[in-house]
Structure formats: structure tokens, C-alpha cells
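Next come the chains, spelled out residue by residue.
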Amino acid sequence: MELPRLVVVGSGVALEAADVCRDLKLKGSSLIVTGPKTSEMVGEEISQRMEDRGFETSLMITKFSKLEEVERAERLAAEIDAGFLIGVGGGRSIDVAKLASVRAGVHFVSIPTAASHDGICSAQASLTIDGETTSVSAQAPLGIIADTAIISTAPERLLAAGCGDIISNYTAIRDWKLAHRLRGEEYSEYASALSEMTARMIVETAPDLKPGLEESARVVVKALISSGVAMSIAGSSRPASGSEHKFAHAINKIDPGRALHGELCGLGTIVMMYLHGGDWKMIRTALKEVGAPTSAAEIGLDDQAVIEALTIAHTIRPERYTILGSGLTREAATAAAKKTKII
Ligand SMILES: [Zn+2]
């Protein structure tokens, strides 16, 4: 199991990144990968404070999670002989830093600025290759520094999306159990229980989760980290990614960039829970409570795209067996989407 060694959650902790790096016994210079806006907001300040505390630091600004950017980060890391990489951002910067750190053979520290998906703490990185989002296995961060003062100022849509990504554990677990029973796939009770408990916690606290509140940011980011730990225990994304993620990826194929990852996962969870014969209304209610979309129309997604995505979702990562089996017929897909009020 590859787990983070140090997880620091609190108000203002990003500015103490240097202390965390010291506690982690990280040595040498550091390369901070961050986005243009994030750099202005917090990246430069973190970099300055690292310098003040004796870490030589370089800043790389990235806009895309593309292979070329990973290669650029790897080159920069080699140039400055980086002892470790830090990703500061909502997703892209963290993905780039995470993957580049593996390629450079050094450790990686994650400083998320939003709680929008579990990539902030997982060993997987999401990369855009030829216009398609692909999940690439990388490494789990050695340290996670989740500053609730920063995360709580992220746009409210991001927090809701994060909840969608966590709630999707419900169907991911059901798919995993199914694959275990039908295909003899390796299964971990611990990973499964942790993942499910994390999702249940978010569903139960959903009415109290409010954007802009540090306490809400804390609850969601901790849940994302728990999901990440569940994946680390399993050694794969299985506990947090099943048929609902296939649906989200299928939508991204048909209508790229239409919605956030967690928003699509949330929509997918409603339908997949229905297909599993579970309590899809409970999922729908919780998503509504956190302000996440529960219908295609809310995110400007075409009904036909939803039906199409449901019929092709099983072809994405086909080795990962789920409730989608060998695919839904158009009629079944339409019926499921209508019944669950997705369309
Ligand atoms: Zn996800």
C-alpha cells in the first residue's frame, strides 16, 4: 500500500508548506507547478516562503494537463536538480506535478486549492492525450497540505463537484462487489468499507455543506483524502471509480469540457444506482442538497448525448467489469435516464 505520510488540514496551512516539507525530510530544491491564477493567489507566496525557509524554489506555470507539460516539468526538475515537486492547484497542476515527479524519480507534495475531485490525493493522474482524458497511474503524494482558508474561497461549483466524486463511491463499490462475485476480481473489504463510509458521511452531512464555509471545505477535503486512502489500500481506483465514472468519461468523449468531472460522476451515480436496484433517490437528494446538478439540462447537456453515453460507457476501460456488463440498449438507456429524471 502506498499511502501519504503526512496530511495537514487546516486554515492557513499552505503558507507553512516549508515546515511540512521539513517534517517529511524532503531535501534539495523544489519545483512548484501551479496555474496562472493560482500562482498569483497563493503559488508565488508559497514559493517565497519556501525560499525564506531555505528551500531553493522554482515556479512553473501550467494551463493544461498534457503530456508535453509533464515533459516540460520533468525537464525543469532535471535542470534545477529538484529534490521534490509540489503541485498547487485545483487539478491540472497537481496532475502534471504528480506524473512528472514519478518520471523524475522524486517525491511529490499536493497542495489542493479546491475540493473538486479525489485526484488531489490519489496515485492516479488525469491527462489529456489526443483530446481525450486518460487516467495514468503515477504515485500517491508523500504529503497533502489542504488549506481550508484557500479551499473555501474556490467557486461553489467545485465543492459540489467534489461531493459528486465522493458520492460516486456508492456505485463504484457495488460494481466492485459485482466484479468480485462474477469475475473473481480481487476485492478488499477494508478499502470497500472505507470508501462506502466516506460517501455515506457526505450524504449524511449534505444539508449542512455550504460553499464559502471553512468547515464545509474541511469535511469535503477530508472525505476526498479518505477516498484516496481507500484507493491506496486497494492499489487501484476501484473503490472510487466504477460504472458512473465510465459514464462521465463517455460524456467527455461525446461533449468534451461540458461539465466538471465530479458533476458528471454525480449524474452517473444516480443512473447506475438505479441499474443496481439501489436507492437512487437518496443519491439524487444528496446531490441536490450540495448544489450539484441532477439533470443533463442543468449543465447544458443534450439528452441524446446522455443516451449515447449510457450505451457506450461499457466500452471505456472494458476490463473493469461493472453493472453495465456488455452494454445497455438504446431503449434501456433511455428508460433509465428518464426514470431517474436525468433527462
Ligand atoms: Zn473521480
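Summary of the structure given here. Being a predicted model, the structure only gives us computed values, none of them experimental. (Residues numbered from 1 in each chain as written. Predicted model: local features only at pLDDT ≥ 70, side-chain atom pairs only at ≥ 80, totals over all residues. Heavy atoms only, no water.)

## Comments concerning the overall build of the protein chain
Helix and strand content of the protein chain: 14 helices and eight strands. On C-alpha atoms alone, the protein chain measures out to a radius of gyration of 19 Å, which is about the 20 Å that the 2.2 N^0.38 rule sets for 343 residues. Along the three orthogonal principal directions, the C-alpha set of the protein chain runs to about 60 × 40 × 35 Å. Burial statistics for the protein chain: of 343 residues in total, 55% are counted as buried. Carbon and sulfur atoms make up 49% of the accessible area of the protein chain, which amounts to about 14,200 Å² in all. In the protein chain, the 36 positive side-chain charges and the 43 negative ones have mean positions that sit 5 Å from each other. (Helix = DSSP H or I, 4+ residues; strand = E, 2+ residues; numbered from the N terminus. Rg over C-alpha atoms; globule rule 2.2 N^0.38 Å. Buried < 20%, exposed > 50% of the residue type's maximum accessible area, 1.4 Å probe, protein only. Areas by Shrake-Rupley, 256 points an atom, 1.4 Å probe, with all protein chains shown as cover. Lys, Arg positive; Asp, Glu negative; His and termini not counted. Charge placed at Lys NZ, Arg CZ, Asp CG, Glu CD.)

## Points about the pattern of salt bridges
Considering all chains together, one arrives at 11 salt bridges under this definition. Across the pair R53 and D19 runs a salt bridge, and its minimum N-O distance is 2.7 Å. Taken together, the residues R53 in the loop between α2 (36-52) and β3 (57-61) and D19 in helix α1 (residues 17-23) connect sequence positions 34 residues apart. In this structure, R238 and E185 form a salt bridge, with 2.8 Å as the shortest nitrogen-oxygen distance. (Salt bridge = Lys/Arg side-chain N within 4 Å of Asp/Glu carboxyl O.)

## With respect to empty space enclosed by the protein
Remark: the empty space left among the atoms is shown by a probe the size of a water molecule rolled over them. Following the criterion strictly, the structure yields one cavity of 30 Å³ or more and no others. As a volume, the largest cavity reaches approximately 70 Å³. Along its surface, the largest cavity is lined by 13 residues, and I151, S152, A154, L159 and G212 are the ones closest to its centre. With three residues, helix α6 (residues 156-167) is the largest single contributor of residues to the lining of the largest cavity. Of the residues in the lining of the largest cavity, the class split is 10 nonpolar, two polar and one charged. (1 Å grid on protein atoms, 1.4 Å probe; cavity = no way out; pocket = protein on both sides within 12 Å on 5 of 7 lines; lining within 4 Å. Points joined across faces, edges and corners; volume = space filled by probe spheres on them. Nonpolar A, V, L, I, M, F, W, Y, C, P; charged D, E, K, R; others polar.)

## Structural notes on the coordination of the zinc ion
D165 (OD), H245 (NE2) and H261 (NE2) make up the full set of protein donors to the zinc ion, lying at 2.1 to 2.2 Å. By relative accessible area, D165 is classed as buried at 0%. (Donors = N, O, S within 2.8 Å, 3.2 Å for Na, K, Ca; no water.)

## Structural notes on the layout of surface pockets
Taken as a whole, the second largest pocket encloses approximately 180 Å³ of empty space. Residue lining of the second largest pocket: W176, E185, E186, Y187, S188, I233, A234, S236, R238, E319 and R320, and that is the complete set. When the residues that make up the lining of the second largest pocket are grouped by side-chain class, the tally is four nonpolar, two polar and five charged.

## Brief notes about the packing of aromatic side chains
One pair of aromatic rings is described through two measures. These are the centre distance and the angle between the planes. Counted according to the given criterion, the structure contains three aromatic pairs. Ring geometry for F55 against F84: centres 5.6 Å apart, planes inclined by 85°, an arrangement best described as edge-to-face. Residue F55 is located in the loop between α2 and β3, and its partner F84 is located in strand β4 (residues 82-89); the two are separated by 29 residues in the primary sequence. Looking at F55, the relative accessible area reads 4%, which means it is buried. Seen from their ring centres, Y274 and W280 are 6.4 Å apart, and the 85° between their planes marks the pair as edge-to-face. The ring of F64 is capped by K66, whose NZ or CZ atom sits 4.8 Å from the centre of that ring. (Phe/Tyr/Trp six-rings, centres within 6.5 Å; stacked < 30°, edge-to-face > 60°. Lys NZ or Arg CZ within 6 Å of the ring centre and 35° of its normal.)

## Topic: the pairing of β4
With seven of its eight residues buried, β4 lies for the most part within the structure. Judged from the six bridges that link them, β4 and strand β5 (residues 107-112) form a sheet pairing that is parallel. From the neighbouring strand, I86 faces β5, where its bridge partner is V109. Crossover connection from β4 via helix α4 (residues 92-104) to parallel β5: handedness right-handed. (Pairing = 2+ DSSP bridges. Right-handed = clockwise from strand over helix to strand, strands pointing away.)

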